[in-house]
Amino acid sequence: MKFMLLLYDNPDARHLLTPELMEDMGALMTELTASGELVATDAFAGTATTVKPQVGGAPVITDGPYAEAKEVMGGFLILECDAARANQIAADWPAAALTAAIEVRPLMVHDG
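Residues numbered from 1 in each chain as written. Predicted model: local features only at pLDDT ≥ 70, side-chain atom pairs only at ≥ 80, totals over all residues. Heavy atoms only, no water.

(A) Structural detail: the environment of Glu 103. Residue placement: Glu 103 occurs in strand E6 (residues 102–106). A relative accessible area of 23% means that Glu 103 is categorised as partly exposed. Here the alpha-carbon distance between Glu 103 and Phe 3, two residues 100 residues apart in the chain, equals 9.9 Å. Excluding residues that lie within four positions of it along the chain, Glu 103 makes contacts with Met 4, Leu 5, Leu 6 and Tyr 8. Polar contacts involving the side chain of Glu 103 include one to the side chain of Tyr 8, which spans 2.9 Å. (Helix = DSSP H or I, 4+ residues; strand = E, 2+ residues; numbered from the N terminus. Buried < 20%, exposed > 50% of the residue type's maximum accessible area, 1.4 Å probe, protein only. Contact = heavy atoms within 4.5 Å. Polar contact = N/O pair within 3.5 Å; in protein donor to acceptor, adjacent residues only side chain to side chain.)

Following this line, the structure appears as structure tokens:
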């Protein structure tokens, strides 16, 4: 099964990301790549926009994420594993103590 880990980040805590912590994240990414569990990953650049379609009118486009929060979504990983393993990877994320949250979402499988 595939899972998406959404990495939320507190921009005010980024100064706490030490070179050692970055090395630990690199090591985990190497492990996930070698095991075949990592399907895709990337970081987000800039800020998001939200598009809200309006019935009978032009869509409303606003700056920023849908929900107002001090945390921002910083990136994602897509994993191929079971739910327990996806949760464990989120718990083992080296910067987890500095991030606001890591959301684990199962992805739908589309056959055919």
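(B) Inspection of the environment of Glu 37 at higher detail. Structurally, Glu 37 can be placed in the loop between helix H1 (19–35) and strand E2 (38–43). Along the primary structure Glu 37 and Leu 79 are separated by 42 residues, whereas in three dimensions their C-alpha atoms are 5.2 Å apart. When near neighbours in sequence (up to four residues on either side) are disregarded, Glu 37 contacts Leu 32, Ile 78, Leu 79, Glu 80, Cys 81, Arg 85 and Ile 89. Among the polar contacts made by the side chain of Glu 37, one reaches the side chain of Ser 35 at a distance of 2.7 Å.

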